[in-house]
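Here is how the chains run, residue by residue.
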Amino acid sequence: MQVCRRPLRAGLLFLVSMVAGGAAGQTPDRLKVSSPDPTAKYFNTALPTAERVADLVSRMTLEEKISQMQDEAVAIPRLGIPRYGWWNEGLHGVAFSGYATNFPQAIGLAATWDTDLVHRVAGVISTEARAKYNAAIALDNHRRFFGLSFWSPNVNIFRDPRWGRGQETYGEDPFLTSRIAVAFVTGMQGDDPRYLKVVSTPKHFAVHSGPEPTRHRVNIDVSPHDLEDTYLPAFRAAITEAHADSIMCAYNSIDGSPACTSDLLLGQHLRRSWGFQGYVVSDCDAVNDVWHDHKFVADAAHAAALAVKAGDDLDCGDAYASLKPAVTQGLLTEADLDIAVKRLFTARFRLGMFDPPAGNPYSAIKPGENNTPEHRQLALQAAREAIVLLKNDGAFLPLEEKIQRIAVIGPNAEYRQSIEGNYNGAPPQPVTPLAGIEKQFAGKQVMYAQGSPLAEGAMLPISHTAIRHIVPPGRDASGHTPVGTMADLQSGLVGQYFNNPNLAGQPIATRVDKTINFNWNDAEPIPGIGTSQYSVRWTGVFVPPAVGDYKIGVRISECYACESSEEFRLYLDDTLVAGSSKRGETPAQKMAASFTLHTGDMHPRRLALEYIHHDSGGQIDLQWDAPRVPLRDEAVGLAKDADVVVAVVGIAPTLEGEEMGVNLEGFKGGDRTSIDLPRPQEELLEALAATGKPVIVVLLNGSALSVNWAAQHAKAILDAWYPGEEGGTAIAETLAGVNNPAGRLPITFYKSIDQLPAFEEYGMAGRTYRYFKGQPLYGFGYGLSYSRFTYSGLKVSATRLRAGSPLKVEADIKNTSSRGGDEVAEVYLTSPQSAIAPVHAMVGFTRVAIGAGQTKHVTFELSPRQLSQVSTDGSRSVAAGEYELYVGGSQPVEGGTGAHLKFTIEGTAPLPQ
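The following paragraphs examine the structure supplied in this document. What you see is a predicted model, and the numbers here were worked out from it, not measured in a lab.

Moving on: the sheet that holds strand E34 (residues 807-815). Ordered by their spatial adjacency, three strands build an open sheet running E32-E34-E37, and the pairing between neighbours is antiparallel. This sheet does not close on itself; its edge strands, each paired only once, are strand E32 (789-796) and strand E37 (855-862). Taking the axes of each pair of neighbouring strands and ignoring which way they run, one obtains an average angle of 20° across the sheet. When E34 meets E37, the two strands line up antiparallel, connected through eight bridges. Pairing of Ile813 across the sheet is with Lys856, part of E37.

Here it is, written out as C-alpha cells:
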C-alpha cells in the first residue's frame, strides 16, 4: 500500500515538519484560538457562504493565504482557523486512518455493473470518513488522513492492461466509467442541501494511464477525437452531473503543457465548458514537476505562478512555498491568490467546519459507525457481485455435495494484500480465500499448500504450514523455546503483545497468529494497546518443507516516512540474523532485512521475531522466497489426495501499482511488461492438472491476465479481483453455489500483448473493445452465470428519430433456468461507420435480479449524448444515418441470446463540449 505518489523532495519534508507544529512552527496540534472576533461576518451562519468566505479571506495576510494553499494548511489562531490536512484517500474504503471497511478494489466495483451498489458503497465510505473526522476533532486531532476532502475516485481510462494503477479505475469504457463515477461521487458528497458530507475529488485530470516510470516528464499528444471520445467523458459526468466539488490535475503534460498549468484542461473544458465552481488540487509534487521534470519553466516560483493562474488552487508538495517570491517578482498578484483561497474556504464552509455542529446532520455521525456489521455485509455483497465467472465447463460449478476433499493451492490463497488492494484502510478481520473456503466447507477436508511464489523472486508471507509453535507454548530451563517433536507442533507463532515499545513487563495479551501478515495502519492490534508505542514478540519454530536455500526476511510498513518509525529483529536458533535500522544508526551499522538459510534437513529451527512500533505505519510481514520445486511438489501431493483443486492464483498490489520499486520478470516500476500469468504460477497449474484432478482457477488481480492455458484446461475460472475484506467469503460462497455470479468484465482480456499497440502510445486505435478488431481471450462485458437468460421484445420509441431527441429502448429478459439470479443487460450502439468510429459502443446497462422462470421488462432512456459521435476535430454531434442497437448479456456476438434492431436518425444536432 502506497500513500504517497512519489518520494517527496527535501523541501517538503521540512515544510511538513514545520506545519505539524502549526504556523511558523509554533502552534501545537491542539488549536489555541487567540481571540478571533466573534462578530465577524464569517461566523454568521445566516449570511451567504460567498459573503462569509470573502470576509474571512479579506482578513488574511499574504503569508497566511499562501499557507492555506498547501495540502498541510497551517492553523491561523487569530482567525479561529484550525490546521487542516487536505489529503485523504477513499478509493474503496477510508484509507490510512485505522480500521475501516475494505470494499473490493475499484476495478472490482466496476465489475459489479451495479451503480446503486456503488452509490451505497460510497455512502458507507463517507459515513466512516465522518465518523473518523468527528472523533478526531473531539480530540483536536487535525492530522493528515483524518479530514473530509477525499482524493477519489480515479476515473482515468484503463486503456492498456500493463498499467499498474488500472486497478484503481472503473475500466476501459468511458460510459461505464462515467456512470459509476457519478454514483460514487454522489454517494460520497451526500444529499444535504447545505452541507457536503465529504468532498469527492475525481483524478487524474487528464489522459493519465501509464507508464508509471515516465509520468512526471512525459508529454502526451492526444488527438482531439480521442480526448473528447475516450479520455474526458467520465470527468465531464463527474463535474456536470455529480457536481464533484474538487478535481485533481495530473503529472503528465498534454499537447506540450503540464496538466496542472493547462488552459485546455483547467480553463477551456473544466471552468468554461463544464461550469466547474469547485477547487483544483495538484497531484503530489506535480507543480514541482512543471519546472523540475517537464522543464517547462525555470524554477518553482514560475511553476507555482503558472499553476495558480491556470486554476490550480491547492498544491500537494512544496512548490507553493515559492508563491511569495512569485508575487514579489510580479509573476502573479495577490488577487490571483484570493481566487484560489476563496475556492478552498468555500469547500471548508460547505463541509461545516466553521458552523456549530448542531446544524450539520453529518456532525451527528458517531465514531462507532465504522466497520459495523451492516457495512461489512455491504462489503460482502459487493464482493459477491464483483465475481466474474469466465469459464464453467460442463456446469462443473457449483461444486457437488459429494466432493469431500478440497485442495486449496496457490500464492494468493492466504495473502492479505491480494484481498485488500491498494489505497486501502485496515480491515479488522479480513477473510482470505483459504479462510473463506475452510468456513464454507467446514464439513469437508480442506488441505492447503502455497505451491509457488507470485513471480520469480517475489517474496510472500511464510506459509502457516512452515511456522509452528509448541503445544502448550513454553520455554525450557535455558529460556529457549523447545523444538520438541513434530507431534508437539501446531501451525502459527505465539504472539506476545506489549503496550510499550520495549517488550517490557508482562504482555497485555498472548495469542497464536497463523501467519505474520498484518495491516495495523493507525489501528490497534489488540484492544487497549493503542495505535503507537507498542511492541510484539512472536516465537515458535520454522519447519523447512524440504532441503534447500530459503530467503527469509521481514517487510514492514509500506507507506511514506514509516520505515524510520518501525523496527524489527529476527532470530534463528537464538542468533540475530536480520533487522531494521534503528533511529540514529549509521549506514555501516544497519542490518539486512533478510538472510538466506541453507538447510540440508527438515528439522525445526527456533524462530523469534520482535517488532517495535513507534508512531507511524503498522504493517508487518514475515516473508520467504522458498525453493520452487519443493513448493510445487507439496501442492501436487495434496492435489493427488483431493477430489478437486482450487488454485488461487493471479497477481497482487505488491507487484502492480503506483510507481513501485519492483523489477521482476513480467513487472517493472509498478507496471507490467507481460500480461501472462507469471511463469511459476503457470507451471504450478500445469503440474496440478497433470494429476488428473479437476482444477478450478480463482484469479485475484487488478488487471487483465492472459490465462490462455487455464482457458483451455481448467474446469472453471472465477475472477474475484482484489475483493476486499469479505472476499474469501464471497469466493467460497460462489464455489458452493450460495452466490450465483453475475459480474461482467470492465476490461478486455487479451490473448497476449502482441495484440496491443505500444504501451507508450496513447492513441485509441487498436485499444479496448471499442477499437480493437482482433479476437480477445475474454471480451469487455463478458461474464457467465449459473442461470440462463434470453432476450425478446426489443423495441424503440421511434424507428426514425429526429437528431437531438432522446430514444427510449425496451426489452424483456427471461430467466429460462430453474435458478434465480442476476442478469446484466448491456446496450450497444453501432453507428454509421467511418475511419474513426468505434466498432460499437456501450450506451446503457442495468443489473436486475430475475427469479427462476420469470421475465423482467427493462427500459433505457438514451440521451442525445449517448447517441452522439465525435469528429476528428473533437466536436460532438448526433449525426444522420442508420444505426444498429443490440441488447443482451454481452457484446454483440454471433449466436448470442441478445436482440438486435435498426433505426434511423434524421438530421444533425451539435452538442456542447
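What follows concerns the pattern of salt bridges. As enumerated under the stated definition, the model contains 53 salt bridges in all. The partner of Lys65 in a salt bridge is Asp338, and the shortest N-O contact between them spans 2.7 Å. With Lys65 in helix H3 (residues 62-67) and Asp338 in helix H13 (residues 334-350), this residue pair connects regions lying 273 residues apart in the sequence. Taking the relative accessible area as the measure of exposure, Lys65 reaches 5% and is therefore buried. Ionic contacts of the salt-bridge type, sharing partners, join the residues Glu456, Asp625, Arg628, Arg632, Glu665, Arg679 and Glu683 into one network.

Here the focus is the state of the cysteines. Within this structure, the stated rule accounts for two disulfides. Here Cys249 engages in a disulfide with Cys260; their sulfurs sit 2.1 Å apart. Disulfide Cys249-Cys260: the torsion about the S-S bond is 100°, which places it as right-handed. With a gap of eleven residues between them, Cys249 in strand E6 (residues 246-249) and Cys260 in the loop between strand E8 (257-258) and helix H9 (263-273) connect regions that are remote in the sequence. For Cys249, a relative accessible area of 1% puts it in the buried group. For Cys260, a relative accessible area of 1% gives the class buried. With its sulfur 2.0 Å from that of its partner, Cys284 forms a disulfide with Cys316. Taking the torsion about the sulfur-sulfur bond, which here is approximately 75°, the covalent link between Cys284 and Cys316 counts as right-handed. One end of the pair, Cys284, is in the loop between strand E9 (279-282) and helix H10 (286-292); the other, Cys316, is in the loop between helix H11 (300-310) and helix H12 (323-328), and 32 residues separate them in sequence. Of the two residues, Cys284 and Cys316, both sit in the buried class.

Moving on, we come to helix H14 (residues 373-386). With 14 residues, H14 extends 20 Å between its outermost C-alpha atoms, agreeing within 8% with the 20 Å of an ideal straight helix rising 1.5 Å per residue. Considered for burial, the residues of H14 that qualify are His375, Arg376, Leu378, Ala379, Leu380, Ala382, Ala383, Glu385 and Ala386. Those residues of H14 that are buried lie in contact with helix H4 (106-111), helix H5 (115-138), strand E10 (388-392), strand E31 (716-719), helix H20 (727-736) and strand E36 (841-850).

Where a strand is regular, its side chains alternate between the two sheet faces. Where burial is concerned, most of strand E25 (residues 619-625) is hidden: seven out of the seven residues are buried. Of the two faces of E25, both are covered, the one formed by Gln619, Asp621, Gln623 and Asp625 as well as the one formed by Ile620, Leu622 and Trp624. Sheet topology note: the strand E13 (residues 460-461)/E25 ladder contains two bridges and is antiparallel. Note that in E25 the partner of Pro461 across the bridge is Gln623. Bridge analysis of strand E18 (residues 517-519) against E25 gives three bridges, and the strand direction is antiparallel. Paired with Asn519 across the two strands is Gln619, which belongs to E25.

Here the focus is the packing of helix H6 (residues 174-189) against helix H8 (residues 233-240). Relative orientation of the contacting elements H6 and H8 amounts to 25°, with a least axis distance of 8 Å. Classified by the angle their axes make, H6 and H8 are roughly parallel. The two elements H6 and H8 meet at a crossing, and its hand is right-handed. Contacts between H6 and H8 involve Pro174, Thr177, Ser178, Arg179, Val182 and Val185 on the former and, on the latter, Pro233, Ala234, Ala237 and Ala238. Taken together, the residues that form the contact of H6 with H8 break down as seven nonpolar, two polar and one charged.

Once that is clear, we can look at unusual backbone geometry. Omega for the peptide link from Ser152 to Pro153 comes to 10°, which places this bond in the cis form. When you line up the elements, Pro153 lands in the loop between strand E3 (149-150) and H6. Phi at Asn371 is positive, roughly 50°, even though this residue is not glycine. The residue Asn371 is located in the loop between H13 and H14 in this model. Unusually for a residue other than glycine, Asp522 sits at a positive phi of about 60°.

Under the 1.5 Å per step criterion, the end-to-end length of H13 is 24 Å for 17 residues, consistent within 8% with the ideal 24 Å. Within H13 the residues assigned to the buried category are Leu337, Asp338, Ala340, Val341, Leu344, Phe345, Ala347, Arg348 and Phe349. Directly beyond the C-terminal end of H13, a positive phi value near 85° is found at Gly352.

Mapped onto the fold, Ala242 is located in the loop between H8 and E6. Residues Ala242 and Met188 lie 54 residues apart in sequence; the distance between their C-alpha atoms is 10 Å. If sequence neighbours within four positions are ignored, Ala242 has contacts with Val182, Val185, Thr186, Gln189 and Ala237.

It is worth spelling out the sheet that holds strand E41 (residues 899-906) at this point. Pairing is mixed in the open sheet, where five strands are placed in the order E33-E41-E40-E35-E36. On the outer flanks of this sheet lie strand E33 (800-802) and E36, each paired with one strand and no other. Put simply, the sheet's adjacent strands are angled 25° from each other on average, direction ignored.

Cut-offs and rules
- Residues numbered from 1 in each chain as written.
- Predicted model: local features only at pLDDT ≥ 70, side-chain atom pairs only at ≥ 80, totals over all residues.
- Heavy atoms only, no water.
- Pairing = 2+ DSSP bridges.
- Helix = DSSP H or I, 4+ residues; strand = E, 2+ residues; numbered from the N terminus.
- Axes fitted to C-alpha atoms, helices over the stretch in contact; angles between N-to-C directions.
- Salt bridge = Lys/Arg side-chain N within 4 Å of Asp/Glu carboxyl O.
- Buried < 20%, exposed > 50% of the residue type's maximum accessible area, 1.4 Å probe, protein only.
- Disulfide = S-S within 2.5 Å.
- Expected span 1.5 Å × (residues − 1).
- Contact = heavy atoms within 4.5 Å.
- Parallel < 35°, antiparallel > 145°, perpendicular 65-115°, else oblique.
- Left-handed = near helix turned anticlockwise from the far one by under 90°.
- Nonpolar A, V, L, I, M, F, W, Y, C, P; charged D, E, K, R; others polar.

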